[in-house]
Amino acid sequence: MLPSRDEAFALLNEYNEDPYHIQHALAVEGVMKHFAELLDQGDTDKWGLVGLLHDLDYGKYPDQHCIKVVEILEERGYPKDFINSITSHACRDDSCYPPTLLMEKVLYTIDELCGLVHAAALMRPSKSVMDMEVKSVKKKFKSKGFAVGVSREIIQEGMDRLGWDLDYTIEHTLKGMQDVHEAIGL
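Scope of this entry: the structure provided in the associated data block. (Residues numbered from 1 in each chain as written. Predicted model: local features only at pLDDT ≥ 70, side-chain atom pairs only at ≥ 80, totals over all residues. Heavy atoms only, no water.)

The subject of this paragraph is the state of the cysteines. Under the defined criterion, the tally for this structure stands at 0 disulfides. With no disulfide of its own, Cys114 lies 15 Å from the sulfur of Cys66, the closest cysteine sulfur. (Disulfide = S-S within 2.5 Å.)

Here it is, written out as C-alpha cells:
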C-alpha cells in the first residue's frame, strides 16, 4: 500500500533541500496527474506519487540516482512495482528496469520536458507558465543552446515509445504544470 501524499511529500523534503528539486518534483507530479486523467488511467494519485518521488535520491545522492531510491523506498515498505516505475525513468541501457507501463513511459518523456518548460518560463517577463504557448516551448526545444542540460534525445525517445508528437506532449505538459503553477512558483 502506498503512503499518503503528505507522507510522500515529507519524505521528498527529507532527502532534498534545494528548492528547485522540490519545484521540479511538484511539476512532474502535476504533469503525471494531468496525463493520468487525460489518458483515463484511474489511479491519478499513484501517478502523482510516482512523479513526486521520481528524483527522491537526487538531492543527497546524485551519483547514485535511481539506485539509492530503491533502498530508501524498500525500507519504508513501498511496493516493488512502484519502485520500478520510479527507477525506469532513468533507464538508458539493459542494466535496469526499462519503462514498459504507460505511466513509466509518460514519466520517462515528461521529466526532462518539465525542466525545459521551467527554464523557458524563467526567461519570460511574467516568469510564469500561465501565459506560455506550445510554439514558445517548441522553439526552445529546437534551440540546442537553450537549457543545454535538458536531453532532447530522451524526450524524443519517450515520445516515440508513446507514439506522441511534440505539440501534443508540450501542450499537455504545459497544462499539467499550469495546474500546479502556484506550488512550483511559475
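A separate point is the nonpolar core. Counting residues in hydrophobic clusters, the biggest one holds 53 residues, and the most contacted among them are Leu53, Leu73 and Met177. When near neighbours in sequence (up to four residues on either side) are disregarded, Met177 contacts Ala27, Val31, Cys114, Val117, His118, Val129, Ile184 and Leu186. (Core = buried A, V, L, I, M, F, W, Y, C linked by side-chain atoms within 4.5 Å. Buried < 20%, exposed > 50% of the residue type's maximum accessible area, 1.4 Å probe, protein only. Contact = heavy atoms within 4.5 Å.)

We now examine the side chain of Ser88. Mapped onto the secondary structure, Ser88 falls in the loop between α5 (80-87) and α6 (102-123). Dropping the residues within four chain positions of it, Ser88 is found in contact with Tyr97, Pro98, Pro99, Glu104 and Tyr108. (Helix = DSSP H or I, 4+ residues; strand = E, 2+ residues; numbered from the N terminus.)

When their charged atoms lie close together, side chains carrying opposite charge are able to pair. According to the stated counting rule, one finds 11 salt bridges in the structure shown. Residue Glu75 pairs with Arg76 through a salt bridge whose shortest N-O separation is 4.0 Å. When its relative accessible area of 59% is taken as the criterion, Glu75 is described as exposed. Take Arg76: its relative accessible area is 35%, and that puts it in the partly exposed class. Note that Glu133 is salt-bridged to Lys135, the shortest N-O span being 3.8 Å. (Salt bridge = Lys/Arg side-chain N within 4 Å of Asp/Glu carboxyl O.)

Another aspect to go through is the packing of aromatic side chains. All told, the structure shown has 4 aromatic pairs when counted by the stated rule. The interplanar angle of 15 degrees and the centroid separation of 4.9 Å between the aromatic rings of Phe35 and Trp164 together place this pair among those described as stacked. In this pair, Phe35 sits in helix α2 (residues 19-38) while Trp164 sits in the loop between α8 (152-162) and α9 (166-179), placing the two residues 129 residues apart along the sequence. For the residue pair Phe35 and Trp164, the accessibility class agrees, reading buried in each case. A ring pair is formed by Tyr78 and Phe82, whose centres lie 5.3 Å apart and whose planes are at 35 degrees; its orientation type is tilted. (Phe/Tyr/Trp six-rings, centres within 6.5 Å; stacked < 30°, edge-to-face > 60°.)

Turning next to unusual backbone geometry. Not every positive phi belongs to a glycine, and Cys66 is a case in point at roughly 70 degrees. If you trace the backbone, Cys66 turns up in the loop between α3 (44-53) and α4 (68-75). You will see that Lys127, though not glycine, has its phi angle at about 55 degrees, which is positive. Counting through the fold element by element, Lys127 comes out in the loop between α6 and α7 (134-142). The partly exposed category is assigned to Lys127, whose relative accessible area is 44%.

Further remarks concern the packing of α2 against α9. In contact at an axis separation of 7 Å, α2 and α9 are set at 115 degrees when each is read in the N-to-C sense. Here α2 and α9 pass one another in a crossing that is right-handed. Counted together, Ala27, Gly30, Val31, His34, Phe35 and Leu38 of α2 and Tyr168, Thr169, His172, Thr173, Lys175, Gly176, Met177 and Asp179 of α9 form the full contact between these two elements. Of the residues belonging to the contact of α2 with α9, the class tally is 6 nonpolar, 6 polar and 2 charged. (Axes fitted to C-alpha atoms, helices over the stretch in contact; angles between N-to-C directions. Left-handed = near helix turned anticlockwise from the far one by under 90°. Nonpolar A, V, L, I, M, F, W, Y, C, P; charged D, E, K, R; others polar.)

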